[in-house]
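Structure at a glance
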Amino acid sequence: VVGVEVESMPTFLLAATVMQLLASAHALSSIISPRGGPGSTTASTQVVSILTGRGPVQTLPADYVRSMPHYVLGADSTEGLTVSSIPVDQTGDGWVNPHSFDELWIPERLNPKPVARLAIGALVKNGQVRNLFPAFDSFTISSAPMESSGTTTWRNWGLCSTPLASVWLDQGFTPLGQLKLSVYQQTSDWAVDHASSWQVLGEEIRVQPLVERLYEFLADPPEAFLKASSSFQLVTVPLEAGVVPLPGEGAIVRAYLSDYPGPHRKLLEVQGVGSDAGFLQFTARQVASGEGSEFLPGAYKALYS
């Protein structure tokens, strides 16, 4: 049992402690694990690859990227550009880290059902854009606001609720005017790399307006964002177009950010670094609801109220 001192513990206390830990783990897994069962893992992505176009592929540890603060730029606002923070740590009210590179977990009985916007993401430091990548802005809107921010838009509804791209592009990889975003969904596993089996969620969307919106925001950011600007920050910039429904159980979503001159559907024949594009892929998993559970962290109680 990790983290429990056992050498000097009386036998009856050790047995009781082990049983309590096992019971807690089982209850928690019913809240946050997919239907594959307790102990399921999504930790297959170990590094984030960065294509520079000028030499070898660079990498960042995936766990380091998961720990970065994450913001979402407002798609539209009468007060100008706004930004909201996605809670990523376990301090205070008990937030869990929502970042995942491989799966999106969708709890039952979230009302209204979560949806998503197609987006691009950026790695920012000291107000400068370092990298760009495809993104998937998944969220649900609750009648009850999060206590930490007051917003009713929930992007962290538990583990694996915020997918991240595993391949990024250096900011100078290619001229912005040539970069386009394409996002596809496949609902069966029998032909994962067969291009004709993929449904288009968005195809060959020019992203220069999104990057320009990010530059506009970075030119005059709010104080809260500015205070953290000396560290690396993830920023998602969604399209202003409408939302898309989240994929069903087992569906695969794949997104490319590329200057590929031909039809982007051809990119579906390759994955990851081999695509020479910013790359995001995840599998959707239905998970049990945490509603009514005594083990539900306090930060999420308002979501099910």
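In every chain, residue numbers begin from 1 and rise along the written sequence. For a predicted model such as this one, the threshold for reporting local features is a pLDDT of at least 70, and the threshold for listing and counting side-chain atom pairs is 80 or more; totals across whole chains, interfaces and linings nevertheless cover every residue. The basis for the side-chain values is all heavy atoms of the structure; hydrogens and waters are excluded.

1. A short note on the confidence of the model for the protein chain
Across the protein chain, the average pLDDT comes to 80, with 76% of residues at 70 or higher. The quantity known as pLDDT measures the predictor's confidence residue by residue, on a range of 0 to 100. Whether two residues are in contact is decided by their heavy atoms, any of which lying within 4.5 Å being enough. Across residues 1-43, confidence stays below pLDDT 50; counting only partners more than four residues off in sequence or on other chains, it has 44 contacts.

2. Structural notes on unusual backbone geometry
Unusually for a residue other than glycine, R109 sits at a positive phi of about 65°. The helix count covers DSSP runs of H or I at least four residues long, the strand count covers runs of E at least two residues long, and both are numbered beginning at the N terminus. Mapping R109 onto the fold places it in the loop between strand 6 (103-107) and strand 7 (115-125). With a phi close to 55°, C160 is a non-glycine residue in the positive phi region. Tracing the sequence through the fold places C160 in the loop between strand 9 (153-154) and strand 10 (162-163).

3. Details of the environment of Q281
Inspection of the secondary structure puts Q281 in strand 17 (residues 278-287). Beyond its immediate chain neighbours, meaning those up to four positions away, Q281 contacts F101, D102, I252, V253, R254 and Q271. Any pair of N or O atoms that falls within 3.5 Å is considered a polar contact. Within protein, one atom must be able to donate a hydrogen and the other to accept it, and sequence-neighbouring residues count only if both atoms are side-chain atoms. A polar atom in the side chain of Q281 sits 2.6 Å from the side chain of R254.

4. Some details on empty space enclosed by the protein
Grid spacing is 1 Å over the protein atoms alone, the probe is 1.4 Å, and a cavity is where that probe fits but cannot get out, while a pocket is an open set with protein on both sides within 12 Å along at least five of seven lines and lining residues have an atom within 4 Å of a point. Grid points are joined across faces, edges and corners, and a volume is the space filled by probe spheres set on the points. As enumerated under the stated definition, the model contains two cavities of 30 Å³ or more in all. For the largest cavity, the calculated volume is near 110 Å³. H70, F136, T162, P163 and T236 are, among the 20 residues lining the largest cavity, the residues nearest its centre. Listed by contribution, the elements that provide at least two residues to the lining of the largest cavity are strand 3 (70-73), strand 7, strand 8 (128-141), strand 10 and strand 14 (233-238). At six residues, strand 8 tops the list of elements feeding residues into the lining of the largest cavity. Across the lining of the largest cavity, the residue classes break down as 13 nonpolar, five polar and two charged. Any residue outside Ala, Val, Leu, Ile, Met, Phe, Trp, Tyr, Cys, Pro, Asp, Glu, Lys and Arg is labelled polar, Gly included; the first ten of those are nonpolar and the last four are charged.

5. Comments concerning the pairing of strand 6
Judged by how many residues are buried, strand 6 sits mostly within the fold: five of five residues are covered. Type-normalised accessible area, obtained with a 1.4 Å probe on protein chains alone, sets the label of each residue: buried when under 20%, exposed when over 50%, and partly exposed for intermediate values. The alternating pattern of strand 6 places E103, W105 and P107 on one face and L104 and I106 on the opposite face, and all of these are buried. Bridging between strand 6 and strand 17 involves five bridges; their strand directions are parallel. Paired with W105 across the two strands is R285, which belongs to strand 17. The pairing criterion for strands is at least two bridges between them, as found by DSSP.

6. A word on the environment of A288
With respect to the helices and strands, A288 occurs in the segment after strand 17. With a relative accessible area of 21%, A288 lands in the partly exposed category. When the C-alpha positions of A288 and W105 are compared, they lie 9.5 Å apart, and in sequence the two are 183 residues distant.

7. Looking at the nonpolar core
Counting 70 residues, the largest nonpolar core has V65, F136 and W168 as the members making the most contacts within it. Sort the elements by how many residues they give to this core and strand 7 lands first, with six residues. Every residue in contact with F136, bar those within four places of it in the chain, is listed here: L104, A116, R117, L118, P163, V244, L246, P247, V253, L280 and F282. The nonpolar core is taken to be a set of buried Ala, Val, Leu, Ile, Met, Phe, Trp, Tyr and Cys residues, with the residues joined through side-chain atoms within 4.5 Å.

8. Observations concerning the side chain of T140
The topology assignment puts T140 in strand 8. Exposure remark for T140: the relative accessible area of 3% places this residue in the buried category. Not counting the four nearest positions on each side in its chain, T140 is found in contact with P112, K113, P114, T152, T153, W154, W157 and L303.

9. Describing helix 3 (residues 208-219)
Its 12 residues give helix 3 an end-to-end C-alpha distance of 17 Å, which sits within 8% of 16 Å, the value for a rise of 1.5 Å per residue. If you check which residues of helix 3 are buried, you get L210, V211, R213, L214, F217 and L218. Buried residues of helix 3 fall within an arc of 155° about the axis and therefore sit on the same side. Across helix 3 from its buried face, at more than 90 degrees, point the exposed residues E216 and A219. By this rule the span expected of a helix is its residue count minus one, scaled by 1.5 Å. Think of the arc as the fan of directions from the helix axis to the C-beta atoms.

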